[in-house]
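Breakdown of the fold
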Amino acid sequence: MSLSARSSDAPESVPRSASPSPSPSPSPSCAELLEFVRRTAADASLVASLPLDPGGRTWVRLDGPGGSEAWLIGWPPGTGTGWHDHGGSHGAFAAAAGTLREESLAARIPTEGWKTLELADGVDRERQLTAGRGRAFGAHHVHQVLNESADEHAVSVHAYFPPLPMMRRYSRTGAVLRLEQVEHPEEWQ
């Protein structure tokens, strides 16, 4: 193994007064995204400003921390996302109004190279998120989010880093998870 030594003197081609280029800011962690979505969900005037449509979900794009992508989303009664992932982004979401149910898989699902997976017993998780409650998740998170209320809209705040490069949509029949579609940002923005 060879080591090369460098002098602490600046090279002749760089003036001594040149400052080093600034380091890029670190990406927001799951905990930072969770803190952001909880704080944003508590902003009553922002939540009230979201137009709600009884026929479908509504959303407004927000500026998230550290270059993250963030959304304020309205959920009419009886709506949901279906099973999906976030294209390798980590993130967080919090309920701002109403109640959302999240069904998720406690397993690291590979992101590429498969069309159908048989899930092991015991991987299903479920949680209720009421106003102010949230959760963070890693890059391999697969879930669906539902507003099961018969008569009440729900509102939530979501943040992802890096900004969503894609979303994979899945169908689920019993223990079988099947990749159905890959969506890209231009399809939902």
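Now for a look at the structure at hand. Every value quoted in this text rests on a predicted model; they were computed, and no experiment measured them. (Residues numbered from 1 in each chain as written. Predicted model: local features only at pLDDT ≥ 70, side-chain atom pairs only at ≥ 80, totals over all residues. Heavy atoms only, no water.)

The five strands are arranged β1-β2-β10-β4-β8 in an open sheet whose pairing can be described as antiparallel. The open sheet terminates on both sides in strands that have one partner only, identified here as β1 (58-63) and β8 (134-137). With strand direction ignored, the average angle separating the axes of adjacent strands in the sheet is 20 degrees. Alignment of β1 against strand β2 (residues 69-75), held across six bridges, turns out to be antiparallel. Opposite Trp59, over in β2, you have Ile73 as the bridge partner. Along the sheet, helix α1 (residues 30-41) makes contact with β1, β2, β4 (90-97), β8 and β10 (154-161), crossing β4 at roughly 20 degrees. (Pairing = 2+ DSSP bridges. Helix = DSSP H or I, 4+ residues; strand = E, 2+ residues; numbered from the N terminus. Axes fitted to C-alpha atoms, helices over the stretch in contact; angles between N-to-C directions. Contact = heavy atoms within 4.5 Å.)

The next subject is the packing of aromatic side chains. Each aromatic ring pair is summarised here by two numbers: the centre-to-centre distance and the angle between the ring planes. In this structure the tally under the stated criterion is three aromatic pairs. Where Phe93 meets Phe137, the ring centres are 6.5 Å apart and the plane angle is 55 degrees; that geometry is what we call tilted. Here the residue Phe93 occupies a position in strand β4, and Phe137 occupies one in strand β8, the gap between them amounting to 44 residues. A single burial state applies to Phe93 and to Phe137, both of which are buried. Taken together, a centroid distance of 6.3 Å and an interplanar angle of 50 degrees make the contact between Phe137 and Tyr160 tilted. With Phe137 in strand β8 and Tyr160 in strand β10, this pair connects stretches of sequence that are 23 residues apart. We classify Tyr160 as buried; its relative accessible area is 7%. (Phe/Tyr/Trp six-rings, centres within 6.5 Å; stacked < 30°, edge-to-face > 60°. Buried < 20%, exposed > 50% of the residue type's maximum accessible area, 1.4 Å probe, protein only.)

Once that is clear, we can look at α1. Compared with the 16 Å implied by 1.5 Å per residue over twelve residues, the 16 Å span of α1 between its first and last C-alpha is a close match. Listed as buried for α1 are Leu33, Leu34, Phe36, Val37, Thr40 and Ala41. For α1, the angular spread of the buried residues around the axis is 160 degrees, confining them to a single face. Here the buried face of α1 lies against α2 (44-49), β1, β2, β4, β8 and β10. (Expected span 1.5 Å × (residues − 1). Arc of directions from axis to C-beta.)

The residue after Phe161, namely Pro162, is reached through a cis peptide bond having omega -10 degrees. Here Pro162 is to be found in the loop between β10 and β11 (167-173).

As for its placement among the helices and strands, Phe161 is situated in strand β10. Separated by 92 residues in sequence, Phe161 and Glu69 place their C-alpha atoms 6.5 Å apart. Apart from the residues lying within four places of it in its own chain, the contact partners of Phe161 are Ser27, Pro28, Leu33, Gly66, Gly67, Ser68, Ser89 and His90.

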